[in-house]
Structure formats: structure tokens, C-alpha cells
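For reference, the chains in residue letters:
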Amino acid sequence: MASAQRAHYQVSFAVLSLAAMSYSLLQSLVIPALPSLEHSLHSSADAVAWLLTGYLLSAAIATPILGRIGDMLGKEKVLVVVLVVLSAGTLISALATTLPIMVLGRVIQGAGGATFPLAFGIIRDEFPQERVVGAIGFLSSVLGVGAGLGIVLAGPIIGHLSYHWLYWIPLVPCLASVVATVIFIPESPVRSPGRINWWGAVLMSGWLVAGLLAVSEGPIIGWGDSRVVGLFALAAVLIVGWVASENRSTSPLVDMKMMRIPEVWSTNLAALLFGFGMYVLFTIVPQFVETPSHFGYGFGASVTQSGLDLLPFALAMLVVAPLTGRLSTVFGSRRVLLVACCFSAASYAVLVLWHTHTWDILVAAALLGVGVAGGFAAMTNLVVEAVPRTQTGVATGMNTNIRNIGAGVGAGVATSVVVSSLTANGSPTEHGYVLAFVISGAAMVVAAAATLAIPRHRSAPFEGGAGAVPAAAVVALAD
């Protein structure tokens, strides 16, 4: 039976895509609904922001840890547990009538961040070698597709249903993916024997929490506030301790030798900058288009309309995502990432130069959709191609984490820039938005420069820790 199931890798891919889409929708559906949730839950804007902050913190901590546990104990087993936890958190949020309970549900949902590294590992272990690059590329793009669809769907859900449906609707595919994973996904025979360096996990969790809290609070209380500076300083100290702990450990959570592979560290640097630039589309552009036109800019759009303005982003990703594997095979993942950074930078150039018509927003969203589709796919494939099979989960988990950290920093910086331009009537100036677009575009340009640091040819195979095997040649880099 197991061999028969393994022969139908397309079914496995459909199940993994469903699981990935469930998590992606939950990641973004809440963003446009925050003002409505603030009113419905009788809370302040700062308190409601924890629906995003708690989710991000939880995902940042859980993703690499659960990815490593999957490498050790079996990716299918851990994926089932992750999807059950994701469903439980979604149910709690759907039933919540108070903010603390909804935040609790969101924190539990954050464990779903491990869905992607576990799925990448399953694909690498189970799929025919010639299908790995394309499958990983498409699945990587699902994160962006789900984020775009979540932004689009949030308005109609809030407008025609209650906020509870922000969670009831994603709960259906979450539960379906649990059942389908148990039935159709075979357990991988690839294991990485060892144990978890829990002290390293604690230190990693500490610097992630400190750093992301600083990024979340910076736009609210000021980047120069002693609490924000203190959090950044604490994060820096904990990072040093974490690296030292992992270097000394015989079974590190994140192998620092792996992180120093030229393809890995340079791709992670590009991911940090790419994440910094991309998230502004979801946080700043909706605010811009919803601003009443009598302020001299904006279109006075509703939440639903502002979501529809970003629909080209999701559509572009749906069109480009299936092509990313073939493009990486023909041209190399490095070149695909470089072109993706250029498309993304071009999207912000459009917003800087032209933002007086709805068509300007639509074109910019489509350009960024093309860029994100190619970028997500290429970054994941570059990491997968550089590490052993037994390190796939933790390596791709860290890459996702680093990209999310960049997104958090980028969103925080852009928000601060916009808020700092507030006029006497409480509205940001057009210049504030334009400056945020300039900064985001510049991050994409620097990401393109970082991509040039990625070696054209793969380094010597990395020898991991105990039980690791050399990285197999998934697809040779063509550039």
C-alpha cells in the first residue's frame, strides 16, 4: 500500500498544497479586518495588533523547531500534528468573543508555520528528482497566493458575514488537510538521528521574541524609546549566546556549519531584504487607497475595494507559480531570484512615480505578484539544493523565518515613515507614503545585489551532523 501511495505523488502534492493554502489564508485574512475587530471586540488598536504580533511570534519560534523535529522523527507524523494544532487554534479564534481568547487562538495557529518546511522535506524525499524543483517552487508561491487571496476576501467576509467567519472558512480546508494527510501522505524513510538542543531552542526563541517585539512596538512608542532599544540589545545578546550554544552542541537545532554554506547565507540575506520590501503592499497600500480623495491623494476605497485592488497580485502569482520550476531548471534559481527582485523593485517604482489612478495600483500589484512568485520559489530551491536531505526542514524553516523577520521590520519601518508624516488633521501626507514606497523599492534593489553574492556553482557538499547525508544533486544550477 505504501509503495502504491508513493507512486501517486501528484495526490501528495495536492494535499500539501491544500495544507499550505489553509495556513496562508489565516496569515492574511485578519490584516484588513483589524479596524472592524477593534470595534467588535471593544479593544484598542494597539491591543488588536496582537492578533498579528502573537501569530508572528509563535510562527517564528515553532517553524524551525518543528522543522527539525520533522527531520528527526518523520515529516508526515509531525505535519499531521501541526495541522491538528492549526485547526484547534482556528476553532478557538472562530468561537472567541473576547480579544484575549482570539489572541490565544492566533498564537496556537502560529505553529502552522512549520507546514511549509515539512512539506518541502516531504517533496524532496518522495517526489521524482525531476519534479522536485517545480513542486517546491509552486508550493513556495502558495504562501504569496494565499496572502493575496486573504486580503481580497477579508472585505466581503466582514461586509456580509461576522468576523467569526474569518476563521470558520479557513477551518474547513484545515480539517480536510488533516484527514487527507493521514490517508495519502506516506511517512518518509529519511531521518536525521539525534536530539533537540533545547537550550539552543530557548535562546533562539528569546532573540526572536525580543527582536520582533521591538519591531512591533517601534512604530507605536518610537524607535528611540528605551524599551525598544533595550529589546534590540537583548536580542543581540541572545543571538550571540544562541550561536555559541549551537556551535558547542553535538546535536544543534540549527547547524551553524549549514548556515555558513555560501548558497545558504547569501540566500538568507536576500530573503531578509526581499521580505522587508514585499510586505508593504499588504500594510501600506490598502491604507493609501482607502484614504478619502479630498486629502489630495487616495481613492476613498472601501475595505472590499482595497482588497480587490490587490487581486492582480494573487492572479499574477497563480499564473507565474507553475512556471517557476521550469524557469529554475532552464536558467537556474539564482537568475530567477535576480529577475524576481527586479520585478518587485519595478512595482514600487510604479507606485513612486504613478499613484493617482486605480490602474497604477493594479499594475504595481501585478508586478509584485510576478516578483514574489519567482522569489519565493527560487529562494527555497536555492536552500534545498545546498543542504542534505536530513537538514531540509530546519534549513527551509530558517529561510522562511528570516524572510518573515524582514517582513516584520519592513512593515514596521514603513508604518513609522507614514505615521511620522501625520498632519494636524491626523492624516498622513502623500509624501510619507511615497517615501515608504521608495524605501521598499530600495530594499528590493539591495536584495538583487545580495543575490549576486550567491555562488554561480554549488559548493562542495555539506557534511551535516550525526546521521546527515551529503546533499543530493536535486537539479544542477544552470547559471
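Residues numbered from 1 in each chain as written. Predicted model: local features only at pLDDT ≥ 70, side-chain atom pairs only at ≥ 80, totals over all residues. Heavy atoms only, no water.

Caption draft 1: Representation of unusual backbone geometry within the structure. Phi is positive for histidine 42, which is not a glycine, with a value near 55°. One can find histidine 42 in the loop between α3 (34-40) and α4 (45-48). Taking the relative accessible area as the measure of exposure, histidine 42 reaches 73% and is therefore exposed. (Helix = DSSP H or I, 4+ residues; strand = E, 2+ residues; numbered from the N terminus. Buried < 20%, exposed > 50% of the residue type's maximum accessible area, 1.4 Å probe, protein only.)

Caption draft 2: Summary view of the side chain of serine 416. For serine 416, the location among the structural elements is in helix α21 (residues 392-419). Exposure remark for serine 416: the relative accessible area of 14% places this residue in the buried category. Apart from the residues lying within four places of it in its own chain, the contact partners of serine 416 are Gly218, Pro219 and Trp223. (Contact = heavy atoms within 4.5 Å.)

Caption draft 3: Structural context of the nonpolar core. Counting 141 residues, the largest nonpolar core has Leu37, Leu51, Ile123, Val254 and Phe282 as its most contacted members. A per-element tally of this core places helix α20 (residues 358-386) first, with 13 residues. With sequence-adjacent residues up to four places away left out, leucine 37 is seen in contact with Val30, His42, Val48, Leu51, Met102, Tyr163 and Leu166. (Core = buried A, V, L, I, M, F, W, Y, C linked by side-chain atoms within 4.5 Å.)

Caption draft 4: Fine view of the environment of phenylalanine 138. Mapped onto the fold, phenylalanine 138 is located in helix α9 (residues 129-160). Between the C-alpha atom of phenylalanine 138 and that of glycine 374, which follows or precedes it by 236 residues, the distance is 9.2 Å. With near-sequence residues (within four places) excluded, phenylalanine 138 lies in contact with Phe13, Ser17, Ala321, Pro322 and Thr324.

Caption draft 5: Up close: a nonpolar patch on the surface. Together, Val11, Val179, Val182, Ile183 and Phe184 make up an exposed nonpolar region whose accessible area comes to about 410 Å². For isoleucine 183, a relative accessible area of 44% translates into the label partly exposed. (Patch = residues over 30% accessible without salt bridge, like charges linked within 9 Å, V, L, I, M, F, W, Y side chains within 5 Å. Areas by Shrake-Rupley, 256 points an atom, 1.4 Å probe, with all protein chains shown as cover. Salt bridge = Lys/Arg side-chain N within 4 Å of Asp/Glu carboxyl O.)

Caption draft 6: Quick peek at the packing of aromatic side chains. Following the criterion strictly, the structure yields twelve aromatic pairs and no others. Ring plane angle 15° and centroid distance 5.8 Å describe the contact between tyrosine 23 and tyrosine 55, whose orientation is recorded as stacked. With tyrosine 23 in helix α2 (residues 9-28) and tyrosine 55 in helix α5 (residues 50-73), this pair connects stretches of sequence that are 32 residues apart. Given the relative accessible area of 3%, tyrosine 23 is considered buried. Note on tyrosine 55: relative accessible area 4%, which makes it buried. Measuring from centroid to centroid gives 6.1 Å for phenylalanine 288 and phenylalanine 437, while their planes differ by 70°, and the two rings are edge-to-face. Taken together, the residues span a long stretch of sequence, with phenylalanine 288 in helix α16 (residues 285-290) and phenylalanine 437 in helix α22 (residues 430-451) at a distance of 149 residues. Comparing phenylalanine 288 with phenylalanine 437 shows no difference in burial state: the two are buried. The ring of tyrosine 55 has arginine 106 sitting right over it, with the charged end atom 4.0 Å from the ring centre. (Phe/Tyr/Trp six-rings, centres within 6.5 Å; stacked < 30°, edge-to-face > 60°. Lys NZ or Arg CZ within 6 Å of the ring centre and 35° of its normal.)

Caption draft 7: Fine view of α2. Given a rise of 1.5 Å per residue, 20 residues ought to cover 28 Å, and the 29 Å separating the end C-alpha atoms of α2 matches this to within 8%. Judged by how many residues are buried, α2 sits mostly within the fold: 15 of 20 residues are covered. (Expected span 1.5 Å × (residues − 1).)

Caption draft 8: Structural view of the packing of α2 against helix α10 (residues 165-184). In the contact formed by α2 and α10, the axes pass within 9 Å of each other and the chain directions differ by 155°. With respect to α10, the axis of α2 lies roughly antiparallel. The two elements α2 and α10 cross, and the hand of that crossing is left-handed. Contact residues: α2 offers Val11, Ser12, Val15, Leu18, Ala19, Ser22 and Leu26, while α10 offers Leu166, Tyr167, Pro170, Pro173, Cys174, Ala176, Ser177, Ala180, Thr181 and Phe184. In the contact of α2 with α10, the residues fall into 13 nonpolar, four polar and no charged. (Axes fitted to C-alpha atoms, helices over the stretch in contact; angles between N-to-C directions. Parallel < 35°, antiparallel > 145°, perpendicular 65-115°, else oblique. Left-handed = near helix turned anticlockwise from the far one by under 90°. Nonpolar A, V, L, I, M, F, W, Y, C, P; charged D, E, K, R; others polar.)

Caption draft 9: Expanded view of α10. Here α10 contains 20 residues, and its C-alpha end-to-end distance of 29 Å stays within 8% of the 28 Å for a straight helix at 1.5 Å per residue. Where α10 bends most, the angle comes to about 30°, and this point is leucine 171, followed within four residues by the proline proline 173. All buried positions along α10 are accounted for by Leu166, Tyr167, Pro170, Leu171, Pro173, Cys174, Ser177, Val178, Ala180 and Thr181. In this structure, the buried residues of α10 make contact with α2, α3, α6 (75-95), α7 (99-109) and α9. (Bend = angle between axes of the 7 residues up to and from the residue.)

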